[in-house]
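Results of the structural survey
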Amino acid sequence: MLVDTLQLLPIEFETAHTKNQMMTCDDAPQMLKIWSDDDVTRFMNIETFNTINQAREIISAILQEETANRYVIFYKENSELIGSCGINELCMENMTAEIGYELKKSHWGLGIMTEILQTFIHIIQTTTSIRALKAKVDPENIASIKLLEKLRFSFDEATTEFDMNTKTLKNIKVYSRGII
């Protein structure tokens, strides 16, 4: 069960080009197509998936985490599932949330994630008491850094994190923005 703050978020929301709804285990087959692409998972802190069970396990873990939520992204033009976004972790002590997102490679560079995150940030701002957002980014993920900067996130700090794929410590950048 989600903490009260996350329960305030809608079950679904729309943008000009997408319909976004809370992820369920039924989304595993379509998410596997995205999470099995090395180019997509290259900058995510997950291993590239090979089986439907891996997709089901991560979705189940997200659904069981009371300080996280995840939306699947459907492209309105053809109802194709093209990615996901959401809150990876809510820190109740200071009411900050870490966001995360990924998009199918065929939809990169079209402004879709900018559109989705602008709407999602507005929803967070108007429905919750979350004060600030954070995002962790691989320093080589220039497209994601540009996206965050466009959304008025600022570089906060450089740190290291255990990389689930390489099983080593990896340098990451943390970006943040206030939303009050």
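Okay, so let's go over this structure. Just so it is clear, the structure is predicted and the values come from calculations on it, not from any experiment.

The next thing to look at is helix H6 (residues 142-150). For an α-helix the count is 3.6 residues per turn, leaving residues at separations of three or four pointing the same way. Every buried residue of H6 is accounted for by Ser144, Ile145, Leu147 and Leu148. Each buried residue of H6 sits inside an arc of 160° when the element is viewed along its axis, so together they form one side. Along H6, exposed side chains directed more than 90 degrees from the buried face belong to Ala143, Lys146 and Lys150. Just past H6, the residue arginine 152 takes up positive phi, approximately 70°.

Below, the discussion takes up a nonpolar patch on the surface. On the surface, a nonpolar cluster with roughly 310 Å² of combined accessible area is contributed by Phe162, Met164 and Leu169. Mapped onto the fold, phenylalanine 162 is located in strand S7 (residues 154-163). What makes phenylalanine 162 partly exposed here is its relative accessible area of 42%.

Those residues of helix H2 (residues 28-35) not exposed but buried are Ala28, Met31, Leu32, Ile34 and Trp35. The arc enclosing the buried residues of H2, seen along the axis, measures out at 160°, which places them on a common side. Considering only its buried residues, H2 is in contact with helix H3 (38-41), helix H4 (52-64), strand S3 (69-75), strand S4 (80-91) and strand S5 (96-103).

As a further point, take the nonpolar core. Formed by 36 residues in total, the largest nonpolar core has its most connected members in Ile130 and Leu133. Of all the elements in the fold, those that place two or more residues in this core are S3, S4, S5, helix H5 (112-127), strand S6 (132-137) and H6. Per element, the largest residue contribution to this core is eight residues, and it comes from H5. The residues contacting isoleucine 130, other than those within four sequence positions of it, are Thr5, Ile87, Leu90, Met95, Thr96, Ala97, Ile124 and Ile179. If you look at the next biggest cluster of nonpolar residues, it comprises 16 residues, including Leu32, Ile46, Phe49 and Ile59.

What follows is about the packing of aromatic side chains. Under the criterion given, the structure shown has five aromatic pairs. A ring pair is formed by phenylalanine 13 and tyrosine 71, whose centres lie 5.0 Å apart and whose planes are at 75°; its orientation type is edge-to-face. Pair noted here: phenylalanine 13 is in strand S1 (residues 12-14) and tyrosine 71 is in strand S3, with a separation of 58 residues, a long-range link. When its relative accessible area of 6% is taken as the criterion, phenylalanine 13 is described as buried. For tyrosine 71, a relative accessible area of 0% corresponds to the buried category. Ring centres of phenylalanine 155 and tyrosine 175 lie 5.7 Å apart, and the angle between their planes is 75°; on these two criteria the pair is classed as edge-to-face. Placement of the pair is phenylalanine 155 in strand S7 and tyrosine 175 in strand S8 (residues 168-178), with a sequence separation of 20 residues. For tyrosine 175, a relative accessible area of 3% corresponds to the buried category. Aromatic rings pair up to connect Phe13, Tyr71 and Phe120 into one cluster.

Moving on, we come to the sheet that holds S4. Taken together, the eight strands give an open sheet; going across it, the order is S1-S2-S3-S4-S5-S6-S8-S7, and neighbouring strands pair in mixed fashion. A single partner strand is all that each edge strand has here, and the edge strands are S1 and S7. Averaged over all pairs of adjacent strands, the angle between strand axes in this sheet comes to 25°, irrespective of strand direction. The pairing of S1 with strand S2 (residues 18-22) spans three bridges and is antiparallel. By the bridge assignment for S2, glutamate 12 is matched with glutamine 21. Lying over the sheet, H2 contacts S3, S4 and S5, oriented at roughly 90° with respect to S4. Most of the contacts of H5 go to S5, to which it runs at about 155°, and overall it touches S1, S2, S3, S4, S5, S6 and S8.

Rules used throughout
- Position numbers for residues start from 1 in each chain and track the written sequence from start to end.
- Only residues with pLDDT of at least 70 are given local features in this predicted model, and only at 80 or more are side-chain atom pairs given and counted; all residues enter the totals for whole chains, interfaces and linings.
- In computing side-chain properties, one takes all heavy atoms of the structure into account and sets aside hydrogens as well as water.
- The buried label goes to any residue with under 20% of its type's maximum accessible area, the exposed label to any with over 50%, and the partly exposed label to all in between, with areas taken from a 1.4 Å probe on protein chains only.
- A run of DSSP states H or I qualifies as a helix once it reaches four residues; a run of E qualifies as a strand once it reaches two. Both are numbered from the N-terminal end.
- Taken from the helix axis, the directions to the C-beta atoms give the arc we talk about.
- Only residues whose relative accessible area exceeds 30% and that form no salt bridge are eligible for patches; like-charged ones are grouped when within 9 Å, while nonpolar side chains (Val, Leu, Ile, Met, Phe, Trp, Tyr) are grouped when within 5 Å.
- Under the convention used here, a 1.4 Å probe and the Shrake-Rupley method define accessible areas, while residue burial counts only the protein chains that appear.
- By definition here, a salt bridge exists when the distance from a side-chain nitrogen of Lys or Arg to a carboxyl oxygen of Asp or Glu is within 4 Å.
- Contacts: residue pairs with any heavy atoms within 4.5 Å of one another.
- Put simply, a nonpolar core is a bunch of buried Ala, Val, Leu, Ile, Met, Phe, Trp, Tyr and Cys residues held in one set by side-chain atoms that sit within 4.5 Å of each other.
- Aromatic pairs are defined between Phe, Tyr and Trp rings, using the six-membered ring for Trp, whenever the two ring centres lie within 6.5 Å; interplanar angles under 30 degrees are classed as stacked, those over 60 as edge-to-face, and all others as tilted.
- Between any two strands, pairing holds if DSSP finds at least two bridges.
- Axis geometry follows a simple rule: fit a line to the C-alpha atoms, using only the stretch in contact for helices, then measure angles between N-to-C directions, giving values from 0 to 180 degrees.

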